[in-house]
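These are the residues of each chain, in order.
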Amino acid sequence: MADSSEELQQRLERVLLGGRRKYTRLEVAEKAGVPEERSRRLWRALGFATVRDDEVVFTDADVEAMRTADQLVQSGLIDPSIEVSVTRALGQHLSRLAEWQVDMLWELIKEQPELGRSERQVARLVDRLLPELERVQNFVWRRHLAAYAGRAFAAAGDNVEARTEVVGFVDMVGYTRLTRQIDEEELSRVLDAFELLAAETIAEHRGRVVKMIGDEVLFVADSAVDAAEIALALTERTTADESLPAVRAGMASGRILARFGDVYGSVVNLAARLTSVARPGTILVDRELAAELAEEKAYELRPRRPVTVRGYNRLRPAALRRASEAPTGMFASSQALAAEMLGLTDPTAEPAAEEETEARPRRRRRGRIR
């Protein structure tokens, strides 16, 4: 395929943007009836580069989008105080989607060169695929709307943003070392395989992916059992796949703040800290989640020696496992475990030697930001 040219770019833009660029930002604001400074804030919040006032970069579709956004605020659906935050979240999520779709398009052209033998063919290909992508996106969006709306209305009277959930992180072990040992193509394959496995496992057990953070997935679940199954199944499946690194997990239960597709709060931080001290193949949970799972016969929880991590002194986690056929030891029974986790037994009692070894904190690699 010939190198990309200005003519090809213009053709693609007309297909993707719904027409030619013919307005400046000030003209868009005027035609949409939106104050100039507000239009500037919204444009920046969407993640687009700032343009000069005299640059002709906008189309009729931009005018209509600005007018629609203004109508949503005027109708009261979007509070003016969070308008920019809503716009920023929308821009961030859709920019990732757009990047992936463009990568997919070029991979398709590389694999089938006949699709891109001329600029006209590329433009026609995009023109044909765009409506299909829009239909799929619309369907997925509506399905997610239905799912989230069902949960929101089921909890009528509660604060939809602040609620009790189980938060979990599952982290690939040795990722930094792995990136130095394999090329970009192999790294992409590993990440794709992990993301696919994580998404399938979390959905299978009624959880929700909040986001992928490089080598790590952050998820939430409504119930302790669902969260336990997600962490256990994902650990088991990555262990069974020799092409994937081992994983470790940390989970905590409590009130979280869900805002614009992300989650915040001390419970999220606690789950992250537990992940940082977990050994490969190990799932660590906080006291609250351990207490919720204590009476579930399908699981076994082994208390760990207190550890100190950033922001938490003498954290007392427990390691989550599937129940063995013949559990032994001081904490074989769920009743004894529940009593220990709730502080009804002697907290100074030393665990078995093998448990002490497994509880030793591991140094978190540099460069990780929570």
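Higher on the page you've got the structure.
Note that the structure is predicted; figures quoted are calculated from it, not measured.

1. A few points about the overall build of the protein
Right, so step 1: A tally of helices and strands in the protein yields 13 helices and 10 strands.
Right, so step 2: Here the protein holds 370 residues, and the buried ones make up 38% of them.
Right, so step 3: Counting only contacts in the protein whose residues sit at least 6 apart along the sequence, the fraction spanning at least 24 positions is 69%.
Right, so step 4: Carbon and sulfur atoms make up 53% of the accessible area of the protein, which totals about 21700 Å².

2. Details of unusual backbone geometry
Right, so step 1: Here Arg206, not a glycine, exhibits a phi torsion of approximately 65 degrees, which is positive.
Right, so step 2: Looking at the element boundaries, Arg206 is found in the loop between helix H8 (184-204) and strand S2 (208-213).
Right, so step 3: On the basis of relative accessible area, Arg206 is assigned to the exposed category, the value being 56%.

3. Observations regarding the side chain of Ser253
Right, so step 1: Relative to the assigned elements, Ser253 resides in strand S4 (residues 247-259).
Right, so step 2: One polar contact links Ser253 to Glu292, side chain to side chain, over a distance of 2.7 Å.
Right, so step 3: Once residues within four sequence positions are removed from consideration, Ser253 is found in contact with Glu165, Val166, Val267, Asp286, Glu288, Leu289 and Glu292.

4. A short note on a nonpolar patch on the surface
Right, so step 1: Where nonpolar side chains cluster on the molecular surface, the patch consists of Val136, Phe139 and Val140 and spans about 280 Å² of accessible area.
Right, so step 2: If you trace the backbone, Val136 turns up in helix H6 (residues 119-154).

5. Side note on the packing of helix H2 (residues 25-32) against helix H3 (residues 36-45)
Right, so step 1: Where H2 contacts H3, the axes come no closer than 9 Å and their chain directions differ by 115 degrees. When the interaxial angle is binned, H2 and H3 end up roughly perpendicular. Crossing geometry of H2 relative to H3 is assigned as right-handed. Contact with H2, carried on its side by Arg25, Leu26 and Ala29, involves Glu36, Ser39 and Arg40 of H3 and no other residues of that element.
Right, so step 2: Here the residues of the contact of H2 with H3 are counted per class, giving two nonpolar, one polar and three charged.

6. Considering the nonpolar core
Right, so step 1: Membership of the largest hydrophobic core comes to 36 residues, with the highest contact counts inside it found for Met251, Val285 and Leu320.
Right, so step 2: Filtering out sequence-adjacent residues up to four positions away, Leu320 remains in contact with Ala228, Leu232, Met251, Ile283, Val285, Leu293, Tyr299, Glu300 and Leu301.
Right, so step 3: The next biggest cluster of nonpolar side chains, apart from the first, holds 22 residues, and it includes Ile256, Ala258, Val263 and Ala319.

7. Some details on the environment of Val277
Right, so step 1: Checked against the element boundaries, Val277 lands in helix H10 (residues 266-277).
Right, so step 2: Measuring from C-alpha to C-alpha, the distance between Val277 and Val307 comes to 8.4 Å, with 30 residues separating the pair along the chain.

8. A short note on the side chain of Arg304
Right, so step 1: Residue placement: Arg304 occurs in the loop between strand S7 (299-303) and strand S8 (307-309).
Right, so step 2: Of the residues examined, Arg304 reaches a relative accessible area of 4% and is grouped as buried.
Right, so step 3: Here the side chain of Arg304 touches Arg302 through a polar contact of 3.4 Å, landing on its backbone oxygen.

9. Examining the pattern of salt bridges
Right, so step 1: Applying the stated rule across the entire model yields 18 salt bridges.
Right, so step 2: Measuring nitrogen to oxygen at the nearest pair gives 3.4 Å for the salt bridge that ties Asp222 to Arg208. Of this pair, Asp222 sits in the loop between strand S3 (216-221) and helix H9 (224-240) while Arg208 sits in strand S2, and the two are 14 residues apart along the sequence.
Right, so step 3: Judged by its relative accessible area of 45%, Asp222 falls in the partly exposed class.
Right, so step 4: Here Glu236 ties to Arg322 by a salt bridge, and the two come within 2.6 Å at their closest N and O atoms. Highlighted residues: Glu236 in helix H9 and Arg322 in strand S10 (residues 318-322), separated in sequence by 86 residues.

What counts, and at which threshold
- Residues numbered from 1 in each chain as written.
- Predicted model: local features only at pLDDT ≥ 70, side-chain atom pairs only at ≥ 80, totals over all residues.
- Heavy atoms only, no water.
- Helix = DSSP H or I, 4+ residues; strand = E, 2+ residues; numbered from the N terminus.
- Buried < 20%, exposed > 50% of the residue type's maximum accessible area, 1.4 Å probe, protein only.
- Contact = heavy atoms within 4.5 Å.
- Areas by Shrake-Rupley, 256 points an atom, 1.4 Å probe, with all protein chains shown as cover.
- Polar contact = N/O pair within 3.5 Å; in protein donor to acceptor, adjacent residues only side chain to side chain.
- Patch = residues over 30% accessible without salt bridge, like charges linked within 9 Å, V, L, I, M, F, W, Y side chains within 5 Å.
- Salt bridge = Lys/Arg side-chain N within 4 Å of Asp/Glu carboxyl O.
- Axes fitted to C-alpha atoms, helices over the stretch in contact; angles between N-to-C directions.
- Parallel < 35°, antiparallel > 145°, perpendicular 65-115°, else oblique.
- Left-handed = near helix turned anticlockwise from the far one by under 90°.
- Nonpolar A, V, L, I, M, F, W, Y, C, P; charged D, E, K, R; others polar.
- Core = buried A, V, L, I, M, F, W, Y, C linked by side-chain atoms within 4.5 Å.

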